[in-house]
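Each chain, written out:
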Number of protein chains: 2
Amino acid sequence: MTAHGEGVADGDAGNPSTSRQSSEAVDEPEARERARVIPEAAVARLAVYLRVLSGMADQDVSTVSSEELAVAAGVNSAKLRKDLSYIGSYGTRGVGYEVAVLIGQIERTLGLTRKHSVAVVGIGNLGHALANYGGFPSRGFPVSALFDLDPDLMGVPVGGIPVDHIDDIVRVCTEREITIGAIATPAKGAQEVCDRLVEAGVRCILNFAPVVLQVPEEVEVRKVDLAVEMQILSFHVARRGQEATELSEPEAAGPEKPENGAESGGAAMTAADHRMNAGGDPVDGMVVRP
Amino acid sequence: MTAHGEGVADGDAGNPSTSRQSSEAVDEPEARERARVIPEAAVARLAVYLRVLSGMADQDVSTVSSEELAVAAGVNSAKLRKDLSYIGSYGTRGVGYEVAVLIGQIERTLGLTRKHSVAVVGIGNLGHALANYGGFPSRGFPVSALFDLDPDLMGVPVGGIPVDHIDDIVRVCTEREITIGAIATPAKGAQEVCDRLVEAGVRCILNFAPVVLQVPEEVEVRKVDLAVEMQILSFHVARRGQEATELSEPEAAGPEKPENGAESGGAAMTAADHRMNAGGDPVDGMVVRP
DNA sequence: TGATGTGAACTCCTTCACAGCG
DNA sequence: CGCTGTGAAGGAGTTCACATCA
């Protein structure tokens, strides 16, 4: 990343765990940069507003109030107005916003007036899904290159694009002016793939592999980790159940912060062994028809 | 949601936009609830630490310092120690943490000692990927039910599980004690699917469809939106390029916050029309072999 | 009148820096 | 002595509430 702190939880703590891979502190404190630095969190929401607005435009809605748009996007109107204020003042007091204008301004802000060609590396199930994902080309993100290791896949068209070998990443990505790389390989190959993408000039990476990628600071990595998402959900189930328990037996339920995990220490050990294959699970350890 | 605010950017602003679907404000201010409420952002990172720790355990590493673990997880050590402090004091000063103990405690905290059966709805490319994703069962999230509309898929086993009809969601999910539902349908069917899952008692939903789901407050939704992730990356490319421009021509680059978007207003209009299919794009609008 | 745009309060999270303990 | 655990300081993001203007 470049500046800004974290902002996790993607909405919330990371999410598959969407959230940008924490590249850590560093932050350029540079005093300059006035008001226009849009909070990371706001950027994510702008993308959501854009989707909602597009839907409205398709239904020939020409004007929306902050309240309407907020409800449709699942946020409160104050937050929405503040988010929009980061990109300028395009509303009309007493009336609302013109859908077309907002769409245009958000697209401009998000840099969507430029085309961003995407390369997908790792053509397993997930790679197939990405290559065929209709939401990309329709939103200005054409998938223009596919890569894999499997010799059987070379040249085979997936979603209309023939698969190239991973060794050709640098050449092909440069030729096709790829700006975004999606890594859908198993964990072990991910870092190497990443390095090649960076070498090819790719500065934005969407990482589906369950590893923390090491990249130069000018490269932006966003991570999507399904297992992490699941675990976050799991946490909420657990917490909820626990709260319920506490309500029936006020104080005395679970060991919350055991200074010295006694019984829970024992449970921990057993739990530890029931866990398996750590950093090595493939993002898509399957073939298209099992 | 239940308590807590947002926490976006998940790491950063949402991601596919991981981040939990903002269910908005409400927050139960209840003064009680002592120190043990783990920040949403910390929960997401705990899941990451768990993965890294598991990898270390597989390599027979028995002890780690906060510094080592922090580097491996891509965060700074102070943050890591604070995160771990939320779940208790399991380190040894002057030494570090025992890998096995930490794994057990994190698993306990995340509620991973309990099995969470997953249902996948929408067996398109993405659904296939999810059904076959090796990372789920190996982490205690067995995929135990699959649903789709397509009559041709009924009974066909995908990843070992036969596909059931969407109309049977309530019955099947109840029978198999599903606790997590993954919605990988096109946008239009998502809300209905969601309603049925909720009716079946599912309280955690991972939503891949590009819509904001409406759910009762006791249900936790996390959203993964690939298009949003892409747009966030796009924003960073744009900002970066713009910064570079500013460096060459100090002040005078792009219209940053045009009180009255003049030229940018014009550009906006054109940009608006180049956008297409709004909220209706399927998450996986493709068949397994195109 | 009615909805935007925004300063200011507030809450949540991160970072610092050091006391404390093995 | 080294590393953990944490109070306190500092930022970032959210919410409030109202001045402002079409």
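Remember, predicted model here, so these are calculated numbers, not experimental data. (Residues numbered from 1 in each chain as written. Chains lettered and ligands numbered in written order. Predicted model: local features only at pLDDT ≥ 70, side-chain atom pairs only at ≥ 80, totals over all residues. Heavy atoms only, no water.)

Here we take up the pairing of strand β10 (residues 220-223) of chain A. Residues and elements named next belong to chain A. Of the two faces of β10, the one carrying Glu220 and Arg222 and the one carrying Val221 and Lys223 are both buried. Note that strand β9 (residues 204-207) and β10 share 4 bridges and pair parallel. Of the residues in β10, the one forming a bridge with Cys204 is Glu220. (Buried < 20%, exposed > 50% of the residue type's maximum accessible area, 1.4 Å probe, protein only. Helix = DSSP H or I, 4+ residues; strand = E, 2+ residues; numbered from the N terminus. Pairing = 2+ DSSP bridges.)

Moving on to the protein's contact with DNA strand D. If you check the shell around DNA strand D, you find 28 residues, and the closest are Arg45 and Arg93 of chain A together with Ser66, Arg81 and Tyr97 of chain B. In DNA strand D, the atoms that sit within 4 Å of the protein are 63% sugar and phosphate, with bases accounting for the remainder. At 3.5 Å, a side-chain N or O of Arg81 of chain A approaches a base nitrogen of DNA strand D. Interatomic distance of 3.4 Å between a side-chain N/O atom of Lys82 of chain B and a base nitrogen of DNA strand D. Mapped by element, the contributors of at least two residues to the surface near DNA strand D are α1 (40-58) and α3 (77-87) of chain A together with α3 (77-87), β2 (91-92) and β3 (96-98) of chain B. The greatest single-element share of the surface near DNA strand D, amounting to 4 residues, is contributed by α3 of chain A. Along the lines of polarity and charge, the residues of the surface near DNA strand D split into 7 nonpolar, 10 polar and 11 charged. (Near = heavy atom within 4 Å. Polar contact = N/O pair within 3.5 Å; in protein donor to acceptor, adjacent residues only side chain to side chain. Nonpolar A, V, L, I, M, F, W, Y, C, P; charged D, E, K, R; others polar.)

Moving on, we get to the packing of aromatic side chains. All names here are of chain B. Using the criterion set out here, one finds 2 aromatic pairs over all chains in the structure. Between Tyr133 and Phe136 the ring centres are 4.4 Å apart and the planes differ by 80°, which places this aromatic pair in the edge-to-face class. By the burial criterion, Tyr133 is buried, and Phe136 matches it. (Phe/Tyr/Trp six-rings, centres within 6.5 Å; stacked < 30°, edge-to-face > 60°.)

Attention shifts here to the confidence of the model for chain A. All names here are of chain A. Across chain A, the average pLDDT comes to 79, with 71% of residues at 70 or higher. Between residues 23-35, whose pLDDT stays under 50, and residues either more than four places distant or in other chains, the model counts 16 contacts. Confidence drops under pLDDT 50 across residues 250-290; counting only partners more than four residues distant or on other chains, this segment forms 94 contacts. (pLDDT = per-residue confidence, 0-100. Contact = heavy atoms within 4.5 Å.)

Bringing the UniProt feature "DNA-binding region" (unreviewed entry) in chain A into the picture now. In this numbering, the UniProt entry assigns the feature "DNA-binding region" (unreviewed entry) to residues 48-87 of chain A. Note that residues 48-87 of chain A is 75% helix and 5% strand, and that its end C-alpha atoms are spaced 15 Å apart. (UniProt positions renumbered as here; feature names shortened; annotations may be inferred.)

Take unusual backbone geometry next. Peptide bonds are mostly trans, and most non-glycine residues show a negative phi. All names here are of chain A. Non-glycine residue Asp60 carries a positive phi angle of around 60°. Under the relative-accessibility criterion, Asp60 is labelled exposed at 69%. Even without glycine at this site, Glu177 takes up a positive phi of about 50°. Inspection of the secondary structure puts Glu177 in the loop between α6 (169-175) and β8 (178-183).

What follows concerns the packing of α1 of chain A against α3 of chain A. Packed helices, taken two at a time, are described by their axes: the angle between them and the distance between them. Residue and element names in this part refer to chain A. Interhelical geometry of α1 versus α3 gives an angle of 100° and a closest axis separation of 10 Å. In terms of orientation, α1 and α3 fall into the roughly perpendicular class. Contacts from Ala42, Arg45, Leu46 and Tyr49 of α1 reach α3 at Lys79, Leu80, Asp83, Leu84, Tyr86 and Ile87. Counted by class, the contact of α1 with α3 contains 7 nonpolar, no polar and 3 charged residues. (Axes fitted to C-alpha atoms, helices over the stretch in contact; angles between N-to-C directions. Parallel < 35°, antiparallel > 145°, perpendicular 65-115°, else oblique.)

Residues and elements named next belong to chain B. Taken in spatial order, the 7 strands make up an open sheet running β6-β7-β5-β4-β8-β9-β10, and their pairing is mixed. Of all strands in the sheet, those bounded by a partner on one side alone are β6 (157-158) and β10 (220-223). Looking at chain direction, strand β8 (residues 178-183) and strand β9 (residues 204-207) are connected through 4 bridges and run parallel. Following the sheet pairing, Ile183 is matched in β9 by Asn207.

Turning next to the protein's contact with DNA strand C. Around DNA strand C there are 29 residues in total, and Ser66, Arg81, Arg93 and Tyr97 of chain A together with Arg45 of chain B lie nearest to it. Restricting the count to atoms of DNA strand C within 4 Å of the protein gives a sugar and phosphate share of 65%. Within the backbone of Gly91 of chain A, one N or O atom sits 2.9 Å away from a phosphate oxygen of DNA strand C. Separating a sugar or linking oxygen of DNA strand C from a backbone N or O atom of Gly94 of chain A is a distance of 3.2 Å. Broken down by secondary-structure element, the contributors of at least two residues to the surface near DNA strand C are α3, β2 (91-92) and β3 (96-98) of chain A together with α1 (40-58) and α3 of chain B. It is α3 of chain B that provides the largest number of residues to the surface near DNA strand C, a total of 4 residues. Partitioned by chemical class, the residues of the surface near DNA strand C number 8 nonpolar, 10 polar and 11 charged.

Quick look at helix α5 (residues 125-132) of chain A now. Residue pairs three or four apart in sequence face the same way in an α-helix, which turns once every 3.6 residues. Of all 8 residues that make up α5 of chain A, 8 are buried, and the element is covered over most of its length. Taken together, the buried positions of α5 of chain A are occupied by Asn125, Leu126, Gly127, His128, Ala129, Leu130, Ala131 and Asn132 of chain A.

Moving on: the environment of Val101 of chain A. Locating Val101 of chain A in the fold gives a position in helix α4 (residues 99-109). Between the alpha carbons of Val101 of chain A and Gly91 of chain A there is a distance of 9.0 Å; along the sequence they are 10 residues apart.

The next subject is the pairing of strand β7 (residues 161-165) of chain B. All names here are of chain B. Sheet analysis places strand β5 (residues 143-148) next to β7, joined by 3 bridges and oriented parallel. From the neighbouring strand, Asp148 faces β7, where its bridge partner is His165. Where β6 folds back onto β7 in an antiparallel hairpin, the turn is made up of 2 residues, including Gly159, whose phi is positive at roughly 60°.

Before going further, it helps to spend a moment on the sheet that holds strand β7 (residues 161-165) of chain A. Pairing between the strands of a sheet comes from backbone hydrogen bonds, and it takes one of two forms, parallel or antiparallel. The sheet built from 7 strands is open, its strands ordered β6-β7-β5-β4-β8-β9-β10 (chain A) with mixed pairing. Here the strands that pair on one side only, and so sit at the sheet edges, are β6 (157-158) and β10 of chain A.

Inspection of every chain in the model, using the stated rule, returns 20 salt bridges over all chains. Measuring nitrogen to oxygen at the nearest pair gives 2.4 Å for the salt bridge that ties Glu229 of chain B to Arg222 of chain A. With Glu229 of chain B in helix α8 (residues 226-248) and Arg222 of chain A in strand β10, this pair bridges two chains. The class of Glu229 of chain B is buried, set by a relative accessible area of 0%. On the basis of relative accessibility, which here comes to 0%, the residue Arg222 of chain A falls in the buried class. With a shortest N-O distance of 3.7 Å, Arg171 of chain B and Asp168 of chain B are connected by a salt bridge. According to the relative accessible area criterion, Arg171 of chain B is partly exposed, its value standing at 44%. Owing to a relative accessible area of 24%, Asp168 of chain B belongs among the partly exposed residues under this scheme. (Salt bridge = Lys/Arg side-chain N within 4 Å of Asp/Glu carboxyl O.)

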